[in-house]
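Given next are the chains, with one letter for each unit.
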Amino acid sequence: MAYEMIEVRTEAEKVGIITLNRPKALNALNDQLMDELGAALRAFDADEKIGCIVLTGSEKAFAAGADIVAMAKYGFADVYKNDYITRNWETIRQIRKPVIAAVAGYALGGGCELAMMCDFIIAADNAKFGQPEIKLGVIPGAGGTQRLPRAIGKSKAMDMALTGRMMDAAEAERSGLVSRVVPLDKLMEETLGAALQISDFSQIAVMAAKETVNRAFESSLSDGLMFERRLFHGLFATNDQKEGMDAFVNKRKANFTNT
Ligand code: HXC
């Protein structure tokens, strides 16, 4: 598929990098862009060589939200019947390999929601997060009201959703929205460092870790612990468990085969 609104490349043949590329609209997310993003994510997920995916934007904007120009024309019948705006947003949840968001500049509305759908966020020091939908007479529509309180707690999430204010990178790190903040010119280096590290681990163990952490948001503690234990025990059936533990015991580097 030829992409017009995203750019796709790989690093060291093991990290897939997707760059949102609608600079004139600060990467505003329209249906075409989201369709392209979904296709690129699925292609990397299916590529055996790829161990981790990075999603990023420009230095000025990760994404300034859903495309307000497109949305302004829609009525309820359009958006409900055709699933406009929200179409294809759930694809990212189906991706089994880790997806890291590398966020610089604005991550607003759907842009903030998209970043939160990734497995973790590394932010540049100029990043700004917000859910300003309230200013447009609507509310977040791609998980903002659900993922933000889980990430930063009710009080801050309410503050963000009700006032529409932006949160800078330092506050986002303090609040637990992002895992690391780095200088803007180090954003890709730091993110690719993490992605390459993940790619060298057993893909099976990495997928199990992602699935299990995500389970924490969907289940009771005892169900989640049981899910974890079953997968933990299951990993002892893999060659990579033998390899990883043998490498440690024999003081050598592990060479995982994803089997
Ligand atoms: C469409 C957008 C856009 C958006 C910016 N642009 N955000 N176009 N949809 N979400 C366009 C502007 O219209 C402008 O186009 C160009 O990008 C540059 O933006 P400026 O406003 O001139 O830049 P600046 O003054 O630097 O301000 C940056 C900004 C501001 C603070 C990010 O653009 C802004 O507030 N944008 C809207 C943010 C927002 O409300 N997002 C939530 C959307 S609702 P021209 O042609 O004039 O140069 C949403 C719902 C999610 O996301 C639902 C998910 C399913």
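Model, not experiment: these values are computed from the prediction.

## Observations concerning the sheet that holds strand S9 (residues 166–168)
Point 1. Read across the sheet, four strands follow the order S4-S6-S8-S9 without closing on themselves; strand pairing throughout is mixed. One side of each edge strand has no neighbouring strand; the edge strands of this open sheet are strand S4 (61–63) and S9. Each strand of the sheet is rotated relative to its neighbour by a mean of 20°, with strand direction disregarded.
Point 2. Pairing analysis gives two bridges linking S4 to strand S6 (residues 106–108), with the strands arranged parallel.

## Focus on the domain arrangement of the protein chain
Point 1. Examined at the domain level, the protein chain breaks down into domain 1 (6–199) and domain 2 (202–250).
Point 2. Between the C-alpha centres of domain 1 and domain 2 there is a distance of 27 Å.
Point 3. Taken together, the contacts link 13 residues of domain 1 with eight residues of domain 2.
Point 4. Each partner contributes to the roughly 810 Å² buried at the junction of domain 1 and domain 2, and carbon and sulfur atoms together form 49% of this total.
Point 5. Looking at the side of domain 1 facing domain 2, the largest losses of area belong to Arg96, Asp119 and Arg150, adding up to 50% of the total buried there.
Point 6. On inspection of domain 1 and its partner domain 2, the count reaches two salt bridges.

## Considering the site of the ligand
Point 1. Contacts to the ligand come from 23 residues, most closely from Lys60, Ala64, Ala66, Ile68 and Gly110.
Point 2. In this structure, alanine 64 approaches the ligand through a main-chain N or O atom, which is 2.9 Å from a nitrogen atom.
Point 3. Here the ligand has 1,000 Å² of accessible area as a free molecule, and 64% of this is covered by the chains.
Point 4. Elements supplying a minimum of two residues to the shell around the ligand: helix H2 (68–71), S6 and helix H5 (110–117).
Point 5. Looking at the shell around the ligand residue by residue, the classes come out as 13 nonpolar, five polar and five charged.

## Focus: the sheet that holds strand S5 (residues 99–103)
Point 1. Taken together, the six strands give an open sheet; going across it, the order is S1-S2-S3-S5-S7-S10, and neighbouring strands pair in mixed fashion. Looking at the sheet topology across the chains shown, the edges are occupied by strand S1 (6–11) and strand S10 (180–182). With direction set aside, neighbouring strand axes in the sheet form an average angle of 20°.
Point 2. Direction of pairing for strand S3 (residues 52–56) relative to S5: parallel, over a ladder of four bridges.

## Regarding the nonpolar core
Nonpolar side chains tend toward joint burial in soluble globular proteins.
Point 1. Grouped together as the largest cluster of nonpolar side chains are 43 residues, with contacts concentrated most on Ile18, Leu55, Phe62, Val103, Leu114, Phe129 and Leu177.
Point 2. Ranked by residues supplied to this core, first place goes to helix H1 (residues 31–46) with six residues.

## Things to note about the pairing of strand S2 (residues 15–20)
Point 1. A large share of S2 lies buried, amounting to six of its six residues.
Point 2. Between S1 and S2, which pair antiparallel in sequence order, lie three residues; one of them, alanine 12, sits at a positive phi of approximately 50°.
Point 3. The parallel pair S2 and S3, bridged by H1, forms a crossover whose chirality is right-handed.

Conventions we followed
- Residues numbered from 1 in each chain as written.
- Predicted model: local features only at pLDDT ≥ 70, side-chain atom pairs only at ≥ 80, totals over all residues.
- Heavy atoms only, no water.
- Pairing = 2+ DSSP bridges.
- Helix = DSSP H or I, 4+ residues; strand = E, 2+ residues; numbered from the N terminus.
- Axes fitted to C-alpha atoms, helices over the stretch in contact; angles between N-to-C directions.
- Domains from an automatic or database assignment.
- Contact = heavy atoms within 4.5 Å.
- Buried area = accessible area lost by both parts, 1.4 Å probe.
- Salt bridge = Lys/Arg side-chain N within 4 Å of Asp/Glu carboxyl O.
- Near = heavy atom within 4 Å.
- Polar contact = N/O pair within 3.5 Å; in protein donor to acceptor, adjacent residues only side chain to side chain.
- Areas by Shrake-Rupley, 256 points an atom, 1.4 Å probe, with all protein chains shown as cover.
- Nonpolar A, V, L, I, M, F, W, Y, C, P; charged D, E, K, R; others polar.
- Core = buried A, V, L, I, M, F, W, Y, C linked by side-chain atoms within 4.5 Å.
- Buried < 20%, exposed > 50% of the residue type's maximum accessible area, 1.4 Å probe, protein only.
- Right-handed = clockwise from strand over helix to strand, strands pointing away.

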